[in-house]
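Overview (structure and organization)
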Amino acid sequence: MVEPIATAQLQINLSAIVENWKTLNTISGCAGAAVKANAYGLGAEQVSKALYEAGCRDFFVANWDEANQLKHIIPQNMISVLNGIDDDNIEFAKAHEFKPVLNTPYQIILWRENGGLCDLMLDSGINRLGIAKDQMDASLFDGLNIDIAMSHLASADEDSANNETQRTTYDNMRANIGSRRNSLANSAGIMLGTDYHYDLSRPGIALYGGIVCDALNAYIKPVVSIKARVLQTRMIRKGQGIGYNSTYICPEDMMVATASLGYADGYMRNFSSSGLESKGFASFEDRKLPIIGRISMDLITLDTRESVNIVEGDWIEIDFNLSEISKLSSISQYELLTNLGNRHVRQYDC
């Protein structure tokens, strides 16, 4: 049977992900991997398999469905479920060796009777999930078989006094819990220094090419690029508008290309040009092509005056340097990755 060929491709460099993990593992002493949200949109099964083969032994997902998807890829007892357990999933949790990350006293009660290995989230100041300081009671943890006692930094990407406050709070909270291992640092937290490393770090965005603090610049390799097929090229006359609401008016007669990529593919409207100023760019034969007009659901339009050889059927590559395009678009690096749509064919370079 003949299958259709996708006109948008997401190219993912697994070797770069592995190298990023190895680097963070070396810096922090021991690194796990956040592979939640389908490995930040890049493919949890493929990424987890590559990292496991490279030596990673701690994987963090958000929920039980994400854990279930990985149960044949890596050992279940290496997978921590960050959102913890509830009444609906307790039987599933008991039937498997995944580790729930217990966040509330009620979750602890649910899990205590099971007697299996678990992790524990301590809220040291981010005020999301986790046991709060005023809930701490030594008897609460009686009977628990705790592997990792973890917390999460709220401001690791900033030079903030809050980081040290959280670290001190975490130290005080974990002191009498009796966990096997302790973990505090996320991607940016790793770069705060050895006081934040403990037994295990939990990088996420940096594995996938994200640079959320200047200190990571020297270490993190890019992972993702996007290719889209040119669907049409044509001459647009001076004074004519491009796209919805004609937000770009051609300053002269100019060749324009339309390519198969849009906000349904995760290339958001924030990259639309503002007047004659472009925020997003593609490239073809090493020439830069500004994106002009409004980005629509399925299409982008490119100024091809600097690339006269481009024709219908060619492939253009989208600039997807996460830190740079985050600044241009005002979209966080996390959102840029996790919003990537399902219409891309994901191609993995090993």
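The structure contained in this document is the topic of the report that follows. (Residues numbered from 1 in each chain as written. Predicted model: local features only at pLDDT ≥ 70, side-chain atom pairs only at ≥ 80, totals over all residues. Heavy atoms only, no water.)

With that out of the way, let us pick up the packing of aromatic side chains. All chains considered together, the criterion is met by 7 aromatic pairs. Taking the centre distance of 4.9 Å and the plane angle of 35° together, the rings of Tyr40 and Tyr208 count as tilted. Residue Tyr40 is located in helix α2 (residues 36-41), and its partner Tyr208 is located in the loop between α8 (187-190) and β9 (224-236); the two are separated by 168 residues in the primary sequence. When its relative accessible area of 8% is taken as the criterion, Tyr40 is described as buried. Where Trp64 meets Phe92, the ring centres are 6.1 Å apart and the plane angle is 75°; that geometry is what we call edge-to-face. Taken as a pair, Trp64 in helix α4 (residues 64-69) and Phe92 in helix α5 (residues 90-94) lie far apart in primary sequence, 28 residues in all. Residue classification places Phe92 among the partly exposed positions, given a relative accessible area of 24%. Grouping aromatic residues by their ring pairs yields a cluster made of Tyr40, Tyr208 and Tyr334. Arg167 extends its terminal NZ or CZ atom over the ring of Tyr196, reaching a point 5.8 Å from the ring centre. The lysine or arginine in question, Lys288, covers the ring of Phe281, its NZ or CZ lying 4.3 Å from the ring centre. (Phe/Tyr/Trp six-rings, centres within 6.5 Å; stacked < 30°, edge-to-face > 60°. Helix = DSSP H or I, 4+ residues; strand = E, 2+ residues; numbered from the N terminus. Buried < 20%, exposed > 50% of the residue type's maximum accessible area, 1.4 Å probe, protein only. Lys NZ or Arg CZ within 6 Å of the ring centre and 35° of its normal.)

As defined by bridge partners, strand β13 (residues 281-284) adjoins strand β14 (residues 287-292) across 4 bridges and the pair is classed as antiparallel. Bridge assignment links Phe281 to a residue of β14, and that residue is Pro290. Hairpin remark: β13 followed by β14, antiparallel, with 2 residues in the connecting loop; positive phi at Glu285, about 50°. (Pairing = 2+ DSSP bridges.)

Our focus in this paragraph is helix α7 (residues 161-174). Here α7 spans 20 Å end to end across 14 residues, near enough to the 20 Å set by a 1.5 Å rise per residue. Within α7 the residues assigned to the buried category are Asn163, Gln166, Arg167, Thr169, Tyr170 and Met173. Along the axis of α7, the buried positions cluster into a sector of 170°, meaning they face one direction only. Opposite the packed face of α7, turned more than 90 degrees from it, sit the exposed residues Ala161 and Asn172. For α7, the elements touching its buried residues are β7 (145-150) and β8 (181-183). Looking at where α7 begins, the residue whose side-chain oxygen comes 3.0 Å from the main-chain nitrogen of Asn162 is Ser160. (Expected span 1.5 Å × (residues − 1). Arc of directions from axis to C-beta. Contact = heavy atoms within 4.5 Å. Polar contact = N/O pair within 3.5 Å; in protein donor to acceptor, adjacent residues only side chain to side chain.)

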